[in-house]
Amino acid sequence: MAFTVAIDGPAASGKGTISREIAAFFGFEHLDTGLLYRAVGFRLLEGIEPIEAAKTLDMSALDPDALRTPDVAQAASKVAAIPEVRAALVDFQRAFATRAGGAVLDGRDIGTVICPEANVKLFVIASPEVRATRRHKELVEKGLEVSFDEVLADVLERDARDMNRQDAPLKPAEDALVIDTTDLSIADAVAQVVEIITEAG
Ligand code: C5P
């Protein structure tokens, strides 16, 4: 029986780390759906038309390192507002979600659009300052030269675009549990989510 966990939330809320750890804990497969949009955004920066890029995306060849830059993130949130781009990525995500053995998908619209029937739906939030601090640290550790203010502006701009688009805007599903990681360590957040999933399963 497939068991699906949907984890949505704004940029750098901690949902990616929580999803990875939950997948490892329960032995579920994990799909970071942001990488799909980032891959299309990356192609856009290379001059490739985004709808075509989404339709021809090689999902097995996503390179997270090349895709986790602020420029690609901005391009991703622009292409993510195009309904035909989103439509081209739906089938892959839904097929992934129903894999035997369980799956965790994280993104912006997993609980609302991709997997409205998910067994567990979470919406992970944190204050913009905390999110920008975490993302800034990650980028600096990777050797990127960006200021905290640039990262904060990037996060806020993407959130606004993601929340205000017509198609699949960022918002919690009606039955999603909200996890606020502002004052919570990732370890504590993971422990909470493990408990929620254990109770649901
Ligand atoms: O999660 P991440 O920051 O990698 O996502 C990059 C961008 O991809 C987001 O800002 C959002 O615009 C888009 N996205 C989306 N739907 C998803 C996952 C990501 O629109 N399920």
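What counts, and at which threshold
- Residues numbered from 1 in each chain as written.
- Predicted model: local features only at pLDDT ≥ 70, side-chain atom pairs only at ≥ 80, totals over all residues.
- Heavy atoms only, no water.
- Near = heavy atom within 4 Å.
- Polar contact = N/O pair within 3.5 Å; in protein donor to acceptor, adjacent residues only side chain to side chain.
- Areas by Shrake-Rupley, 256 points an atom, 1.4 Å probe, with all protein chains shown as cover.
- Helix = DSSP H or I, 4+ residues; strand = E, 2+ residues; numbered from the N terminus.
- Axes fitted to C-alpha atoms, helices over the stretch in contact; angles between N-to-C directions.
- Parallel < 35°, antiparallel > 145°, perpendicular 65-115°, else oblique.
- Left-handed = near helix turned anticlockwise from the far one by under 90°.
- Contact = heavy atoms within 4.5 Å.
- Nonpolar A, V, L, I, M, F, W, Y, C, P; charged D, E, K, R; others polar.
- UniProt positions renumbered as here; feature names shortened; annotations may be inferred.

**Q** When you look at the site of the ligand in this model, what are you seeing that I'm missing?
**A** The immediate surroundings of the ligand are formed by 15 residues, with R38, R86, R108, R158 and D162 found nearest. A distance of 3.0 Å separates a nitrogen atom of the ligand from a polar side-chain atom of T33. D162 is positioned with one of its side-chain polar atoms (N or O) 2.6 Å from an oxygen atom of the ligand. The protein chains hide 97% of the 460 Å² of surface that the ligand would expose on its own. Those elements giving two or more residues to the shell around the ligand turn out to be helix 2 (34–45), helix 5 (70–79) and helix 9 (148–164). The element contributing the most residues to the shell around the ligand is helix 2, with three residues.

**Q** Which parts of the structure should I look at to understand the packing of helix 5 against helix 9?
**A** The packing of two helices is summarised by the inter-axis angle and the distance between the axes. Their axes nearest at 9 Å, the elements helix 5 and helix 9 cross at an angle of 10°. Regarding the angle of helix 5 to helix 9, the classification is roughly parallel. Pair helix 5 / helix 9 crosses with left-handed handedness. Contacts from P70, A73, Q74, S77 and K78 in helix 5 reach D154, E157, R158, R161 and D162 in helix 9. Looking at the contact of helix 5 with helix 9 residue by residue, the class counts come to two nonpolar, two polar and six charged.

**Q** Sorry if this is basic, but what is going on with the packing of helix 8 (residues 128–141) against helix 9 here?
**A** Running from amino to carboxyl end, helix 8 crosses helix 9 at an angle of 120°, the nearest separation of the two axes being 9 Å. Here helix 8 lies oblique to helix 9, going by the angle between them. With respect to the hand of their crossing, helix 8 and helix 9 are arranged in right-handed fashion. Facing P128, E129, R131, A132, T133, R135, H136 and L139 of helix 8, the residues of helix 9 in contact are F148, V151, L152, V155, L156, R158 and D159. Among the residues forming the contact of helix 8 with helix 9, the class breakdown is eight nonpolar, two polar and five charged.

**Q** Whenever I open this one, the UniProt feature "binding site: ATP" (unreviewed entry) in the protein chain confuses me. Can you help?
**A** UniProt records the feature "binding site: ATP" (unreviewed entry) for G9, P10, A11, A12, S13, G14, K15, G16 and T17 in the present numbering. Tracing the backbone through its elements, the reader meets G9 in the loop between strand 1 (4–8) and helix 1 (15–26). Apart from residues lying up to four places away in sequence, G9 is in contact with K15, G107, R108, F123, V124 and L170. In this fold, A11 is placed in the loop between strand 1 and helix 1.

**Q** Could you clarify how one ought to interpret the UniProt feature "domain: Cytidylate kinase" (unreviewed entry) in the protein chain in this entry?
**A** In this numbering, the UniProt entry assigns the feature "domain: Cytidylate kinase" (unreviewed entry) to residues 5–198. The span residues 5–198 is 56% helical and 12% strand by assignment, and the distance between its end C-alpha atoms comes to 12 Å.

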